[in-house]
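Fold and geometry: a report
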Protein chains: 4
Amino acid sequence: MKILFVGDVVGNIGIKSLETYLPQIKQVVKPQLTIVNGENAVNGKGINLEAYQKIQVAGADVVSGGNHSWDRKEGIDLYNDSKKNILRPYNFPGDNVPGKGMIKINVNQKKVYVINMQGTAMMAPLDNPFHTFDKLLPTLEKDAIKFVDFHAETTSEKIATGMYLTGKVSAVVGTHTHVQTNDAHVFNKETAYLSDVGMTGSYDGILGVTKGQIITRFLTQRPTKHEVDEDGRMQISFCVVDINDQTNNARSIKNYVINPDNKKFLE
Amino acid sequence: MKILFVGDVVGNIGIKSLETYLPQIKQVVKPQLTIVNGENAVNGKGINLEAYQKIQVAGADVVSGGNHSWDRKEGIDLYNDSKKNILRPYNFPGDNVPGKGMIKINVNQKKVYVINMQGTAMMAPLDNPFHTFDKLLPTLEKDAIKFVDFHAETTSEKIATGMYLTGKVSAVVGTHTHVQTNDAHVFNKETAYLSDVGMTGSYDGILGVTKGQIITRFLTQRPTKHEVDEDGRMQISFCVVDINDQTNNARSIKNYVINPDNKKFLE
Amino acid sequence: MKILFVGDVVGNIGIKSLETYLPQIKQVVKPQLTIVNGENAVNGKGINLEAYQKIQVAGADVVSGGNHSWDRKEGIDLYNDSKKNILRPYNFPGDNVPGKGMIKINVNQKKVYVINMQGTAMMAPLDNPFHTFDKLLPTLEKDAIKFVDFHAETTSEKIATGMYLTGKVSAVVGTHTHVQTNDAHVFNKETAYLSDVGMTGSYDGILGVTKGQIITRFLTQRPTKHEVDEDGRMQISFCVVDINDQTNNARSIKNYVINPDNKKFLE
Amino acid sequence: MKILFVGDVVGNIGIKSLETYLPQIKQVVKPQLTIVNGENAVNGKGINLEAYQKIQVAGADVVSGGNHSWDRKEGIDLYNDSKKNILRPYNFPGDNVPGKGMIKINVNQKKVYVINMQGTAMMAPLDNPFHTFDKLLPTLEKDAIKFVDFHAETTSEKIATGMYLTGKVSAVVGTHTHVQTNDAHVFNKETAYLSDVGMTGSYDGILGVTKGQIITRFLTQRPTKHEVDEDGRMQISFCVVDINDQTNNARSIKNYVINPDNKKFLE
Ligand SMILES: [Fe+2]
Ligand SMILES: [Fe+2]
Ligand SMILES: [Fe+2]
Ligand SMILES: [Fe+2]
Ligand SMILES: [Fe+2]
Ligand SMILES: [Fe+2]
Ligand SMILES: [Fe+2]
Ligand SMILES: [Fe+2]
């Protein structure tokens with residue numbers, strides 16, 4: 001099975017990038033499952049029903065999240081709608097967290113679990129992701145593909161998670177830093193790994209946000225508005241994981257970026 | 001002029017990776033200047049005279065540093081030796097910081113400044129790098145290549161620095177996360193940029209360190225030894241920046257990794 | 001000279017606490033100068049003209065600030081009004097920071113400098129406060145009282161600052177943690193010191209904020225509104241520094257809190 | 001029952017301060033139970049058998065810990081000795097954490113639980129302390145005194161914990177910042193609270209450490225040795241909680257510091 005994963009969609013321009021490129025990408029890749037990280041879909045902060053629907057119409061089967069999943073109240077209703085294929089990180093503490101951090105779907109008779117987990121290094125102290133995996137994974141059906149969106153800041157926690165889950169899940173792809181890394185590979189012929197898939201949105205902003213605002217923030221250390229760079233040129237960041245349906249092991253993972261300076265994928 | 005930059009060398013295996021691959025890389029690239037980040041050269045923590053010399057013999061013209069530059073006392077003498085082409089980050093506070101954060105060298109009559117600067121987002125509160133550049137750059141000769149090793153944690157500070165320095169320096173390449181990013185490009189046909197060059201050392205460790213120790217740390221949150229994964233397989237991470245000697249603008253930047261799963265460069 | 005310093009005023013209830021207790025305190029203490037930290041005066045986030053005026057009418061001669069000084073735009077006009085005795089931390093980076101971080105006033109012919117400085121440990125990377133003092137203090141008149149509001153998080157940076165400035169300024173009092181410490185004393189018979197003066201506002205909230213919101217935040221790690229606990233019972237936190245006008249050395253420092261469980265000062 | 005709690009003992013001078021003052025304090029207070037935080041007993045970093053025994057001989061019934069509990073390997077054997085009344089924070093993740101985070105002792109037929117818990121705000125991401133209390137407390141005997149040493153950095157997490165546990169435990173006293181706070185009181189006539197008990201060790205150092213080393217660290221932002229200020233003058237920081245054995249509610253809490261500038265308690 002081929003799974004296509006698209007990194008953090010930021011703002012309307014992120015959704016527009018998705019609408020523009022995702023159909024073309026799917027024609028080439030022909031994935032059986034498409035997952036899109038949407039934690040920044042609405043003004044860079046969280047997601048709502050409208051954005052979720054647009055992302056779905058653009059081609060996503062599952063929408064995952066991250067630390068920004070909670071930025072807007074209207075998202076809570078969305079998460080609480082059990083019919084929606086939307087995730088927030090699994091390991092927020094407590095028993096009554098709205099929504100779900102994992103979803104099980106059938107893709108042509110094959111079971112696929114998509115799990116969204118958040119790191120805790122240089123991030124909020126959610127439940128320890130390593131121990132959370134230890135508790136969660138044994139409860140899942142053995143003969144199933146398990147795909148992890150690990151939303152984390154540091155490279156050390158990301159790689160450690162990829163190695164820790166090697167042989168236990170089919171793929172671990174990182175999100176959150178909004179910059180794609182160049183380390184896609186399959187650990188031990190079992191688990192596909194990429195530290196970060198990167199950002200989908202303005203190629204001209206900083207992580208999708210208007211560049212002047214971010215630079216001013218670093219220069220002044222005073223609060224500045226952070227607004228999505230809606231007038232920038234488009235970029236989409238994604239990876240394709242090929243998984244053996246018999247063994248649930250990954251065969252390959254390839255990462256791509258499409259933007260004005262990099263149209264290779266489309267050629 | 002072609003400048004070759006090699007990312008953070010970790011431990012003896014990092015030096016060995018350098019000794020193994022750098023000569024081959026130089027035969028292909030034919031760089032006029034080679035810069036190597038050596039902040040983790042000795043047991044992953046700092047550098048000393050012996051490691052500096054080995055890195056130089058392996059082919060480096062300049063060795064830059066980072067937050068680990070101060071990890072061992074014997075490094076101080078090295079930094080204080082004005083004849084050595086070794087840098088530590090420029091923006092450590094105070095007037096009496098050992099060593100230098102910038103070096104000016106002549107490469108075939110062309111002047112090249114190599115500047116090592118450290119970020120402050122999720123790192124120690126050194127002098128503000130943006131303002132430090134504002135003070136430093138006007139004091140440098142105009143007709144010269146300026147190459148920046150920006151040692152920083154967050155993608156936002158790195159990209160902001162790259163954009164802030166666009167048109168002011170020839171290249172900004174990031175170090176510190178030990179994972180190469182896939183965002184090499186030239187801003188505005190002026191300034192080459194790459195968020196992180198990545199790590200040179202064990203391909204089988206986590207950021208160069210023995211993987212079990214790092215995983216145990218995340219599982220237990222208790223202190224663990226961090227030792228270089230000296231028995232791992234070799235990796236080298238680097239980029240090549242091509243700069244127009246007339247305009248001092250970058251023409252191109254390309255990033256590469258060589259490891260057991262990725263020998264493309266050598267083919 | 002006796003200087004009265006009141007810790008972080010949070011919200012309307014903080015201003016009301018000030019209006020209620022400050023006149024009584026002044027009757028007892030008879031200070032020649034009263035300084036109030038007002039960084040949280042408006043809904044816990046920043047200050048505006050109206051709040052500044054109320055604090056002044058309640059008895060403050062100088063209003064100092066902190067990391068929250070920039071939380072509302074209307075504060076900028078206030079800071080830019082050179083006739084207002086209002087401070088924001090001195091060490092925000094750059095040349096064009098609105099307002100001032102120091103003020104020189106005459107109190108019965110005696111010159112007094114009030115300096116507002118912010119720490120950088122576990123806070124934003126402002127200009128290094130130690131080096132900033134090194135540059136600033138030699139430019140001030142020698143025969144003057146120098147009073148420092150050091151707005152910082154960690155006890156180590158606060159005490160280090162107090163010791164570093166011993167013999168150079170008359171007093172260093174800390175703000176920001178909203179909890180008064182029990183370590184008031186005079187270093188070397190020269191410089192009065194208190195790690196934190198504490199909070200002026202709701203005795204029933206958490207640092208002045210509605211307690212349920214803060215607890216929910218820790219339980220869920222998801223965003224919660226932080227609103228001032230305006231219906232709580234009143235508290236005022238302050239200290240009194242007695243300074244020898246001849247030597248500019250502190251004679252004594254005493255810290256007090258008045259709240260429903262602690263009316264000792266008023267008896 | 002009167003419980004005496006002594007704040008973080010730092011180094012030999014901390015133990016010496018304990019040996020000097022604890023007997024005198026016990027003569028005055030006549031506590032039925034004495035708890036001492038010993039996370040910094042050996043060179044400021046962790047504890048070993050010898051230090052534990054000295055602290056016990058000096059008068060401690062229970063020794064609690066904190067983030068530094070793991071700083072030395074020889075401590076592990078000590079924690080694993082079930083006969084020793086030594087605690088490390090309860091909420092380190094995983095099933096195989098050496099030692100214990102809670103102890104149940106009988107004091108004149110009355111059962112007392114002493115619980116050592118660590119915060120996660122601006123500290124390592126241990127298991128969420130709020131949820132951990134939610135799971136732990138219902139498993140304990142109802143008719144018992146429950147005394148909590150909450151080792152945490154921020155005042156907000158400390159007060160939130162005190163308020164959250166009000167009515168559920170007899171006392172919550174904070175440790176870790178090494179500076180005693182001035183906010184001792186009983187929440188709702190049920191739960192005694194103090195944000196931080198403060199430090200026992202050198203009065204002349206910074207948090208017990210040689211002052212020059214800490215100041216140099218802030219000035220240079222480069223690594224410095226941190227050594228206990230063994231030649232300083234002595235300080236002991238403590239509090240006394242009076243608990244009603246019938247209701248297990250606190251009647252009062254009083255905090256004290258004894259040092260060269262403050263001998264009030266001894267008079
Ligand atoms: Fe994101
Ligand atoms: Fe994120
Ligand atoms: Fe490094
Ligand atoms: Fe580094
Ligand atoms: Fe405040
Ligand atoms: Fe503050
Ligand atoms: Fe401690
Ligand atoms: Fe501690």
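Predicted model only: the values in this text are computed from it and were never measured.

**So, the coordination of the iron ion (ligand 1)**
Residues and elements named next belong to chain A. Protein coordination at the iron ion (ligand 1) comes from D8 (OD), E39 (OE), N40 (OD1) and H178 (NE2), with a distance range of 2.1 to 2.2 Å. Between the four donor atoms coordinating the iron ion (ligand 1), the angles at the centre fall across 91 to 165°, so the site counts as irregular. Each donor residue of the iron ion (ligand 1) belongs to the same chain, with the gaps between them written as D-x30-E-N-x137-H. Here the iron ion (ligand 2) and the iron ion (ligand 1) are spaced 3.5 Å from one another, each receiving a donor from E39. By the burial criterion, E39 is buried, and N40 matches it.

**Brief notes about the interface of chain D and chain B**
Note on interface size: it is often stated as the accessible area lost on association of the parts. On the chain B side, the residues contacting the 15 residues of chain D number 15 residues. Together chain D and chain B conceal approximately 1,100 Å² of surface at their shared face, both sides included; 61% is due to carbon and sulfur atoms. For the pair chain D and chain B, the interface holds zero salt bridges. At the boundary of chain D with chain B, the tally comes to zero residue pairs in polar contact (both at pLDDT 80 or more).

**Remarks on the packing of helix α1 (residues 11–29) of chain C against helix α2 (residues 49–58) of chain C**
Residues and elements named next belong to chain C. Closest axis-to-axis distance for the α1/α2 pair is 9 Å, and the angle between their directions is 15°. Judged by the inter-axis angle, α1 sits roughly parallel to α2. Where α1 crosses over α2, the handedness of that crossing is right-handed. On α2, the residues touching I15, L18, E19, L22 and P23 of α1 are A51, K54, I55 and A58. Tallied by class, the residues present in the contact of α1 with α2 amount to seven nonpolar, no polar and two charged.

**Quick notes on the sheet that holds strand β4 (residues 102–107) of chain D**
Residue and element names in this part refer to chain D. Read across the open sheet, the six strands follow the order β4-β5-β6-β7-β9-β8; overall the sheet is mixed. Only two strands of the sheet have a single neighbouring strand rather than two, namely β4 and β8 (185–187). For this sheet the average axis-to-axis angle between neighbouring strands, irrespective of direction, equals 25°. Note: strand β5 (residues 110–118) against strand β6 (residues 145–151), seven bridges, orientation parallel. Bridge pairing in β6 places N116 opposite D149. Where helix α4 (residues 129–136) meets the sheet, it contacts β4, β5 and β6, and its direction lies at approximately 155° from that of β5.

**With respect to the coordination of the iron ion (ligand 7)**
Residue and element names in this part refer to chain D. In the first shell of the iron ion (ligand 7), the protein supplies D8 (OD), E39 (OE), N40 (OD1) and H178 (NE2), at 2.1 to 2.2 Å from the metal. Considering all four donor atoms around the iron ion (ligand 7), angles at the metal cover 90 to 165° and the coordination shape is irregular. Expressed as a motif, the donor residue spacing for the iron ion (ligand 7) is D-x30-E-N-x137-H.

**What about the pattern of salt bridges?**
Under the definition given, this model contains 40 salt bridges over all chains. A salt bridge links A:E50 to A:K54, with the shortest nitrogen-to-oxygen separation between them at 3.5 Å. With A:E50 and A:K54 both in helix α2 (residues 49–58), this residue pair falls four residues apart, about one helical turn. Notably, a salt bridge pairs C:D242 with C:R251, separated by 3.1 Å at the nearest N-O pair. Members of the salt-bridge network, linked through shared partners, are A:K104, A:K111 and A:E141.

**Examining the relation of the copies chain D and chain B**
For the pair chain D and chain B, the superposition axis carries a translation of 0.0 Å, the fit reaches an RMSD of 0.0 Å, and the rotation angle comes to 180°. Between the two chains, the operation in question is that of a two-fold axis. Relative to the rotation axis, the closest C-alpha in chain D is found at D:M122, a distance of 6.1 Å. A high fraction, 100%, of the interface residues of chain D reappear at the interface in chain B, so the copies pair face to face through one surface.

**So, a positive patch on the surface**
Side chains of A:K2, A:K30, A:K254, A:K264, B:K2, B:K30, B:K254 and B:K264 sit close together on the surface and give a patch of like positive charge. One can find B:K264 in the segment after β12 (250–258).

**Observations regarding the UniProt feature "active site" (unreviewed entry) in chain A**
All names here are of chain A. Look at the UniProt record and you will see "active site" (unreviewed entry) annotated at H68. Structurally, the position occupied by H68 is in the loop between β3 (62–64) and α3 (74–80). Among all residues touching H68, those that are not within four sequence positions of it are E39, N40, G44, K45 and G46.

**Notes on the interface of chain A and chain B**
Counting residues at the interface gives 37 residues for chain A, matched by 37 residues for chain B. Regarding the contact of chain A and chain B, the summed buried area is about 3,000 Å², with carbon and sulfur atoms giving 69% of it. Here chain A and chain B share zero salt bridges between them. One can count eight residue pairs in polar contact (both at pLDDT 80 or more) joining chain A with chain B. Counting residues per element, the ones that place at least two in the side of chain A that touches chain B are α4 (129–136), α5 (155–164), α6 (211–220) and β12 (250–258) of chain A. Among the residues making up the side of chain A that touches chain B, the classes are represented as 16 nonpolar, 14 polar and seven charged.

What counts and how
Every chain's residues receive numbers from 1 upward, in the order its sequence appears when written. As they are written, the chains are lettered A onward and the ligands numbered 1 onward, keeping that order. Local features in a predicted model are, by the rule used here, given only for residues with pLDDT of at least 70; side-chain atom pairs are given and counted only at 80 or more, and totals for whole chains, interfaces and linings are based on all residues. Calculated side-chain values reflect all of the structure's heavy atoms, with hydrogen atoms and water omitted. Note on donors: an N, O or S atom is included if it sits within 2.8 Å of the metal, or within 3.2 Å for Na, K and Ca, and water is never included, so sites can look incomplete. Every geometry call rests on angle ranges, with four donors termed tetrahedral when all angles are between 85 and 135 degrees, four termed square planar and six termed octahedral when opposite donors are over 155 degrees apart and all others are between 65 and 115, and everything else termed irregular. Exposure categories follow from relative accessible area, calculated using a 1.4 Å probe and restricted to protein chains: below 20% of the type maximum is buried, above 50% is exposed, and the middle band is partly exposed. The contact criterion used throughout is that any non-hydrogen atoms of two residues lie within 4.5 Å. Here the buried area means the combined drop in accessible surface, using a 1.4 Å probe, for two parts upon being joined, counting both sides. The term salt bridge refers to a side-chain nitrogen of Lys or Arg lying within 4 Å of a carboxyl oxygen of Asp or Glu. Under the rule applied, a polar contact is a pair of N or O atoms within 3.5 Å (in protein, one hydrogen donor and one hydrogen acceptor; residues adjacent in sequence only if both atoms are side-chain atoms). Every axis in this analysis is a line fitted to C-alpha atoms, fitted for helices over the stretch in contact. Angles between the N-to-C directions lie between 0 and 180 degrees. The helix and strand labels rest on DSSP assignments: H or I over at least four residues marks a helix, E over at least two residues marks a strand, and numbering proceeds from the N terminus. Here the angle decides the label: under 35 degrees means roughly parallel, over 145 means roughly antiparallel, 65 to 115 means roughly perpendicular, and every other value means oblique. Crossing handedness follows the turn of the near helix against the far one: under a right angle anticlockwise gives a left-handed crossing, and clockwise gives a right-handed one. The classification used treats Ala, Val, Leu, Ile, Met, Phe, Trp, Tyr, Cys and Pro as nonpolar, Asp, Glu, Lys and Arg as charged, and all other residues, Gly among them, as polar. Here the rule is simple: two strands pair whenever DSSP picks up at least two bridges between them. Each copy is superposed on the other by least squares, with the fit set by C-alpha atoms of residues at a pLDDT of at least 70 in both. Patch rule: a residue counts if its relative accessible area is over 30% and it has no salt bridge; like charges are joined within 9 Å, and nonpolar side chains (Val, Leu, Ile, Met, Phe, Trp, Tyr) within 5 Å. All accessible areas in this document rest on Shrake-Rupley with a 1.4 Å probe, and a residue is counted as covered only by the protein chains that are shown. Under the counting rule used here, the positive set is Lys and Arg, the negative set is Asp and Glu, and His together with the chain ends is not counted. Each charge is placed at NZ for Lys, CZ for Arg, CG for Asp and CD for Glu. UniProt positions are given in the numbering used here, feature names are shortened, and annotations may be inferred rather than shown by experiment.

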